[in-house]
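A closer look at the structure
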Amino acid sequence: MHPDRLLGTEPAVRELAREFYGEVADAPIISPHGHVSARMLAADEPFRDPAALLITPDHYVTRLLHSAGVPLEALGLGAAGQSPPPSGAAAPRAVWWTLAENWKRFAGTPVRYWFEDTLARVFGLDVELGPARAERLYDQLAEQLARPEFRPRALLERFGVEVLATTDDPADTLEHHAALAAAGFGVRVIPTLRADAYMDPAAAGWAGRLEVLAQVSGVDCGSYRGLLEALRRRREHFRSHGATATDTGVVDAWAVPLTDGEAEAIHRRALAGETSDQEALAYRRNMLFQFALMAAEDGLVMQLHAGVLRNHHRPTYERFGPDTGHDIPVASEFARPLRELLNAVGTSPRFRIVLFTTDETAFSRELAPLAGFYPSVFVGAPWWFLDAPAAVRRFRAAVTETAGFYKTSGFVDDTRALCSIPSRHDMSRRLDARYLAELVADHQLSEDEAHVLVRALVDEIPRGAFRL
Amino acid sequence: MHPDRLLGTEPAVRELAREFYGEVADAPIISPHGHVSARMLAADEPFRDPAALLITPDHYVTRLLHSAGVPLEALGLGAAGQSPPPSGAAAPRAVWWTLAENWKRFAGTPVRYWFEDTLARVFGLDVELGPARAERLYDQLAEQLARPEFRPRALLERFGVEVLATTDDPADTLEHHAALAAAGFGVRVIPTLRADAYMDPAAAGWAGRLEVLAQVSGVDCGSYRGLLEALRRRREHFRSHGATATDTGVVDAWAVPLTDGEAEAIHRRALAGETSDQEALAYRRNMLFQFALMAAEDGLVMQLHAGVLRNHHRPTYERFGPDTGHDIPVASEFARPLRELLNAVGTSPRFRIVLFTTDETAFSRELAPLAGFYPSVFVGAPWWFLDAPAAVRRFRAAVTETAGFYKTSGFVDDTRALCSIPSRHDMSRRLDARYLAELVADHQLSEDEAHVLVRALVDEIPRGAFRL
Amino acid sequence: MHPDRLLGTEPAVRELAREFYGEVADAPIISPHGHVSARMLAADEPFRDPAALLITPDHYVTRLLHSAGVPLEALGLGAAGQSPPPSGAAAPRAVWWTLAENWKRFAGTPVRYWFEDTLARVFGLDVELGPARAERLYDQLAEQLARPEFRPRALLERFGVEVLATTDDPADTLEHHAALAAAGFGVRVIPTLRADAYMDPAAAGWAGRLEVLAQVSGVDCGSYRGLLEALRRRREHFRSHGATATDTGVVDAWAVPLTDGEAEAIHRRALAGETSDQEALAYRRNMLFQFALMAAEDGLVMQLHAGVLRNHHRPTYERFGPDTGHDIPVASEFARPLRELLNAVGTSPRFRIVLFTTDETAFSRELAPLAGFYPSVFVGAPWWFLDAPAAVRRFRAAVTETAGFYKTSGFVDDTRALCSIPSRHDMSRRLDARYLAELVADHQLSEDEAHVLVRALVDEIPRGAFRL
């Protein structure tokens, strides 16, 4: 990996970018949103093999192989819910080989960048993947993974992670978070409540989930009021375990309040299995509104991830489950959908909402203007498909002129690929350094200010946005 | 302020940009659309204080402070309609101080650029704002504002403004415009008719406005036909006072004709307070269509500003009135909404329409293709949130390949901040010089042509587009 | 024309781009989609005059002149369907002169670039157009067009075209394709089936077209089943003449199956002239779905061009016919509209679909994510208004990070302007070389890989995508 990678092609810009990047290259990592599992950290077992660590569970990697005609079975994926994969799934070494053979297909993608950066940074293997080196790389990785310093916790400590937020079901007891805190682990691992599964009364398994939640919370969820109360208590439980935020994922951002009577009626019909699509939608949009009211009360930062159509290919979903590479973004709007919510709590001092989109047209059109007025609104870092060099540069160019730097969230890695965390944060730091360098070289910003900003972007800004 | 600011970071491009910019740096300013008040120019009184000049009335500035948690009261804003602000509003020096304290939040925004450029260009104060210099700057500015050469008219003459278009209600008598013309003021100040307030029969106060219009025009506006006739007469009145254009602001660009009978029926029901939302919408969309027919008759250039949801936060609107920083763009389309209008008058020799959007996706998708076929259609300069360096560069890159330079409007400052006019035009000139330099350096355009174009963009092109 | 045109302004990037471009500057041309006429190639007659070759039939050129107020008659266009133009249309030399006079209006557009590049590359006339040179250029061109080496076939051979796909009605006998194959023409000219005219039962002339199709195919098209069967046979006929693909143009990409009974009922009502708009829409969306099923059976690559509102200005359409410069893009989506289609055949091994859009927001949001999962989906090259330097660069920047290079289609010239083919492909090669150079200079890609990719983009990639 070249030391100047991503720092720009114009010598004057690159020189400044190098300087700014140098200031934060080794700064501690704050990871306020992601999908590393607390259970895995609590267990702290060695990773099974290179494919299980770097390929099979990472839908960024598997989807591109699938798009080249590789069946998901050949990448170690098994039937939905099964882990480890059933017999019949490909052997790890074969999975690794499949990736190596198709490596050219990743040229120009951030997946390749993170992968190679991870090999170099985490494992000291600074070579290109590809058929010629595949076998030897596999062996070298496998050997390292057996060592204690490559167990999950040791890695996170080595990475300099200061805070790591997980994403958790409200019914989670948070026992693993408690265990980690008790174990004196050097990383502050905090939970994030994600109640998506309780919003849609038409979703399969909704009633069953309510029962589990009722047990954990001690509140009967047979009524709408009960469900709200149970969620309130779980939020409090999460807060007592260090949570500072919640997360919600929705196809669209509409938040529209119902009366208690309307919501209660839908709730009861849903439990009886009689709810219509329209009622379910109304219920979901009301729940989003209610989550905002709760946030305005308890001060948990509300993250909203809007605009992804999940599980686009039903046959793949039915066979392999969710998060298998075919969630596809759709056009998104925010100004109209969030109007009632922001009229209700947008200037409430305890309320805070971080808005994430995969429709980049919303950055300059809606997110930056909203964040540039409402004290509660922050523009979330480029999410998912947009978390890549060119897209990140478009994000800053689209947002900064209207909302500045201080109303953005700071970088969010959003990853379940533990080993890629430092590479992802490093990429972001390089790109922010470059963006600042471009402003300085174009005489839109002073060098002194850029020095302050590049530090703020990895420290003051994410700490502030997520109330860490 | 660095002399090469905004001219690019690549040495070869910057050198060319410098050359092209040099040709137009001191060219006269043509301002075909803006919100400076003719009454204020006719009165020509000194500005009250630095905050009242540069902060309180400028929602570009106040919205970002509000987004940081500063209440609008602390910025000198009073209850809606009140001017000067009521007792209880913050003192000017405190307002100034609040801005200085929050100056870092403006890094990377055009607001900061215009502000500092204005301080340097207009007041000779070439320093960064910030807590350390705030007091002294305030005093220096206050002292200068007391001098005759800082009165509004003297400033505009010093700025080299040749034409300045104001924005005015059809019921305006234009007495201030007449007074300015009679006074031999060196700037040609021309009115622009904006009849938005008469388009929506469901808006509060509509009937009252019709009565005022009836008095001024001498035509009874109790009927739809009467309203159209009154507006036609006012257009003629505006034309006789030098107007060359009208302006219309709408949430969406749909123009759909009603029959006279349909429109008449809605008009009467609206006067009786009985109109439905749907009827009001139909009435508004018909009015937009009628405005186009009028424009095709009298040759006033029709400006259309579409796609902003006004007064997003109702509590702020109710307390402080409109234009207080929470107008938010929404997704906009033009091809379908304007089809009937353009089928009716799009190739009419007297008709001309300049289309402005805050949804930049429309630039390459709809506006440039429309302007690249219809002789009457021009693409308006980047508007509002898009009037900033990176957005302006995206605008030229999105529009030029499909519509060239000659079907764009030339720069429009659209400002109520009188002192920022030269800074805004200067920014535009720098960015156009840079865009041309990039084309020349990439061998897509000859240097000779670029010289012609950079001049045309501040002279022939806006004069042509706005029939000045 | 400068040898480094379009290769970038930054010296380090340009040097690399020059190197990559050099590898493919003279590579054979693969043109898998376009509108050159097989009949014209079979006849191989000399072009009539410079205006008839370069201006009158090219709506890219005529629309911009029209937008400047030049009537289409003055550009040689006659009433719809008439060819050659009727008396009364402008003389070729006057048409040429009109373009020369308005040449400045094309500055910054690809039309000007292709035009001048064509004059230099094809005719050896390396000068700028404009009033001063217009007469002499016309004479020089006219003289050359009379020579045998400027007949259509000789030109295509000189251009190094290896494969040229035409676009043809299913009822076409393909006799001209057969004649070209028999004549031993050095270019492989293959047909492409485009059945748009049979999709919309509400379109004027639909029933008549069915009758012609019935005659040619030998299948009665009085029923929906008959029409499907006739189309299937024509696809087979096309395949036997070398076709590897079909094309479909739609306003929106919705593909929604009907039952056979529903479709049959609409078909019969339509033949009786009784179909509603809603039924016609349902029929069209079902046909798009059926085309996909056919493609999954016979393996013809399905091209889909979605999102253009045809013939926006009805008066021009009525007078001059289609393809006269006023087709305007509209906002487009793909993830939802194509979901049923891709659930049905998206992972089918024989199915392949290339998606083209003129709404560039779809590139990063929907097309790249779809192509990055479905083995069957490819992102089509920048289409129409987007086939221009800045837009092409945005395309690569929007698509590559999510879908890589190998799930894009390779360049498609889509032109009816035969002489512009080499200029268009050359432009694309320069821009791809530049994009790769930027990645290499930014250390995101190795130089070796870029060498492989720049070749693949003009050879392996289009051959693969279009099954050539």
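Residues numbered from 1 in each chain as written. Chains lettered and ligands numbered in written order. Predicted model: local features only at pLDDT ≥ 70, side-chain atom pairs only at ≥ 80, totals over all residues. Heavy atoms only, no water.

This next bit is on the overall build of chain A. Helix and strand counts for chain A stand at 20 helices and 10 strands. Taken against the 2.2 N^0.38 rule, which gives 23 Å for 468 residues, the C-alpha radius of gyration of chain A at 22 Å falls within 12% of a compact globule. Reported as C-alpha extents along the three principal axes, the dimensions of chain A are approximately 65 × 60 × 45 Å. Per-residue burial for chain A yields a buried fraction of 64% across its 468 residues. For chain A, restricting intrachain contacts to residue pairs at least 6 apart in sequence, the fraction spanning at least 24 positions comes to 76%. (Helix = DSSP H or I, 4+ residues; strand = E, 2+ residues; numbered from the N terminus. Rg over C-alpha atoms; globule rule 2.2 N^0.38 Å. Buried < 20%, exposed > 50% of the residue type's maximum accessible area, 1.4 Å probe, protein only. Contact = heavy atoms within 4.5 Å.)

What follows covers the relation of the copies chain C and chain A. Superposition record for chain C on chain A: RMSD 0.0 Å, screw rotation 120 degrees, translation along axis 0.0 Å. Here the transformation between the copies is reduced to the relation of a three-fold axis. (Least-squares fit on C-alpha atoms with pLDDT ≥ 70 in both.)

All right, on to the relation of the copies chain B and chain C then. The operation relating the pair of chain copies consists of a rotation about an axis and a translation along that axis. Once turned by 120 degrees and shifted 0.0 Å along the axis, chain B lies on chain C with an RMSD of 0.0 Å. Each copy contacts the other with its own distinct surface, as only 5% of the interface residues of chain B are interface residues in chain C too.

All names here are of chain A. For strand β2 (residues 161-165), the buried fraction is high: 4 of the 5 residues fall into the buried class. For strand β1 (residues 29-31) and β2, the ladder comprises 3 bridges, and the chain directions are parallel. Within the sheet, the bridge partner assigned to I30 lies in β2 and is V163. As defined by bridge partners, β2 adjoins strand β3 (residues 188-190) across 3 bridges and the pair is classed as parallel. In the strand pairing of β3, V163 is matched with R188. (Pairing = 2+ DSSP bridges.)

In many reports, interface size means the accessible area that the parts give up when they come together. Contact residues are listed per partner, giving 41 residues for chain B and 51 residues for chain C. For the pair chain B and chain C, the two sides together bury roughly 3,800 Å², of which 53% comes from carbon and sulfur. Together, R365, F373 and E401 of chain B form the three largest contributors to the area buried by chain B at its contact with chain C, with a combined 20%. Run the count over chain B and chain C and you get 5 salt bridges. (Buried area = accessible area lost by both parts, 1.4 Å probe. Salt bridge = Lys/Arg side-chain N within 4 Å of Asp/Glu carboxyl O.)

This part is about the domain arrangement of chain A. Residues and elements named next belong to chain A. According to the domain assignment, chain A consists of domain 1 (11-46 + 152-465) and domain 2 (47-150). The distance between the C-alpha centroids of domain 1 and domain 2 comes to 27 Å. At the interface, 31 residues of domain 1 touch 27 residues of domain 2. Buried area between domain 1 and domain 2, both sides added, is near 2,600 Å², and the carbon and sulfur share of it is 62%. Put simply, domain 1 and domain 2 have 2 salt bridges between them. Between R121 and D426 there is a salt bridge, with its nearest N and O atoms 3.0 Å apart. Inspection of the domain 1/domain 2 interface yields 5 residue pairs in polar contact (both at pLDDT 80 or more). Elements with a contribution of two residues or more to the side of domain 1 that touches domain 2: α8 (152-159), α14 (314-320) and α18 (421-441). If you tally residues by element for the side of domain 1 that touches domain 2, the top one is α18, at 6 residues. A breakdown of the residues in the side of domain 1 that touches domain 2 according to their chemical character gives 16 nonpolar, 6 polar and 9 charged. (Domains from an automatic or database assignment. Polar contact = N/O pair within 3.5 Å; in protein donor to acceptor, adjacent residues only side chain to side chain. Nonpolar A, V, L, I, M, F, W, Y, C, P; charged D, E, K, R; others polar.)

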